[in-house]
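Structural characterization, general
Read off the chains here:
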Amino acid sequence: MKDAVLESRPILERFRLDGKVALVTGGGQGIGRAFCHALADAGARVAVVDMAREAAEAVAGELAARKAESLAVVVDVTNPDHRRQMVETVLRRWGTLTISVNNAGMGNWCDAEKVTPEDWGRIMRLNLDAVFFCAQEEARVMVKTGYGKIINTASMSGHIVNTPQNQVAYNTSKAGIIHMTRTLAAEWAARGIRMNSISPGYTRTALVENLLATPEGKSMLGRWLPMIPMNRMAEVTDLQGAVVYLASEASDYMTGHDMVIDGGYCVW
Ligand code: NAD
């Protein structure tokens, strides 16, 4: 019998992504930007996908400055034509797509009795519908090569109910991502596609920083921190190891899994 431990490549080499082609939606800032940098550092060519042109181009420029091959793709992932263009643009430039991170998402705080159909629809179209239909476009390419890694950004809010703020639409959309990820992982496993999700806890991004600058936000942070065993929010860099692992061959036997990175919030 072959000795897999002795004959396989060294473990850190199996985390490398040299020459692989990746896209990250919502890559223009925050968590998506950190994911772009992580994948590029590990050797991937990275398409920074965002509806904000300046942000996408700025991050693509940051990657290029670190000698990574990069591309800014300006699309609105809620638009079906744009989703197709996103994948076509990557294929035109690099001829393949191995890793996709469906990360663009938004939150809103609203008491349930005040949520309008428009509020609900806006959240679902971006956080859930766009993640599924992006994955569908990406998988159509990956099944042709028989290998692909799809990583969705969910949230600890898909597991727990945040407090004190009310956010029923967001929580529901993120729980939907986690179960959709399991479902597609099962359906596409035989075609070589691995699909997993990452569930961050409270993470310090520009959006959260702005919120925390308000009096309401400050009191919110005072309520959140004692609920986090590590007693701090995540930095975006705390999430980078997970995306590289899930994108790499090191995780090839993992599919349908949700990696919770929340400083222990869900443990309590
Ligand atoms: P962010 O608002 O800082 O960045 C989101 C990016 O997505 C922006 O660059 C924005 O332009 C882009 N975007 C938004 N709508 C888009 C669309 N329709 N098409 C293309 N691009 C679009 O957000 P973030 O805090 O970095 O969050 C990223 C993901 O992580 C989201 O899915 C969010 O729900 C999730 N998340 C965030 C936190 C947190 O505390 N920040 C916690 C858990 C999960």
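Before going further, it helps to examine the packing of helix α5 (residues 80–94) against helix α6 (residues 117–145). Here α5 crosses α6 at 35°, and the two axes come no closer than 9 Å. The handedness of the crossing between α5 and α6 is right-handed. Residues Arg83, Arg84, Met86, Val87 and Leu91 of α5 form the contact with α6, whose participating residues are Ala130, Phe133, Cys134, Glu137, Glu138 and Val141. Its residues assigned to classes, the contact of α5 with α6 shows seven nonpolar, no polar and four charged.

So, on to the environment of Arg9. Following the sequence through the fold, Arg9 ends up in the loop between α1 (4–7) and α2 (11–14). Residues in contact with Arg9, not counting those within four places in the same chain, are Arg14 and Glu249.

Moving on, we come to the packing of helix α3 (residues 30–41) against helix α4 (residues 53–65). One way to put it is that α3 packs onto α4 with a least axis distance of 10 Å and a crossing angle of 25°. Compared by their axis directions, α3 and α4 come out roughly parallel. As α3 runs across α4, the sense of the crossing is right-handed. Note on element contacts: α4 touches α3 through Val59, Glu62 and Leu63, opposite Arg33, Cys36, His37 and Ala40. Of the residues assigned to the contact of α3 with α4, the class counts are four nonpolar, one polar and two charged.

Of all residues adjacent to the ligand, which total 26 residues, the nearest are Gln29, Ile31, Asp50, Asn103 and Tyr170. The contact in question runs from a nitrogen atom of the ligand to an N or O atom on the side chain of Asp76, over 2.8 Å. Thr203 has a polar backbone atom sitting 2.8 Å from an oxygen atom of the ligand. For the ligand, the protein covers 89% of the area, taking 830 Å² as the surface of the free molecule. Of all elements in the fold, only α3, α7 (168–188) and α8 (206–212) reach the threshold of two or more residues within the shell around the ligand. In the shell around the ligand, the residues fall into 12 nonpolar, 11 polar and three charged.

A word on the nonpolar core. If you look at the biggest cluster of nonpolar residues, it comprises 32 residues, and the most contacted ones within it are Val77, Met86, Ile150 and Trp188. At the level of elements, β1 (21–25), β2 (45–50), β3 (70–74), α5, α6, α7 and β6 (193–200) are the ones that each hand at least two residues to this core. Counting residues per element, this core draws most heavily on α6, which supplies eight residues. Setting aside residues up to four positions removed in sequence, Val77 forms contacts with Thr25, Val49, Arg83, Met86, Ala104, Leu126, Ala130 and Cys134. One finds Ala40, Ala42, Ala44 and Ala68 within the second-largest nonpolar core, a separate group that totals 31 residues.

Analysis parameters
- Residues numbered from 1 in each chain as written.
- Predicted model: local features only at pLDDT ≥ 70, side-chain atom pairs only at ≥ 80, totals over all residues.
- Heavy atoms only, no water.
- Axes fitted to C-alpha atoms, helices over the stretch in contact; angles between N-to-C directions.
- Helix = DSSP H or I, 4+ residues; strand = E, 2+ residues; numbered from the N terminus.
- Left-handed = near helix turned anticlockwise from the far one by under 90°.
- Contact = heavy atoms within 4.5 Å.
- Nonpolar A, V, L, I, M, F, W, Y, C, P; charged D, E, K, R; others polar.
- Parallel < 35°, antiparallel > 145°, perpendicular 65-115°, else oblique.
- Near = heavy atom within 4 Å.
- Polar contact = N/O pair within 3.5 Å; in protein donor to acceptor, adjacent residues only side chain to side chain.
- Areas by Shrake-Rupley, 256 points an atom, 1.4 Å probe, with all protein chains shown as cover.
- Core = buried A, V, L, I, M, F, W, Y, C linked by side-chain atoms within 4.5 Å.
- Buried < 20%, exposed > 50% of the residue type's maximum accessible area, 1.4 Å probe, protein only.

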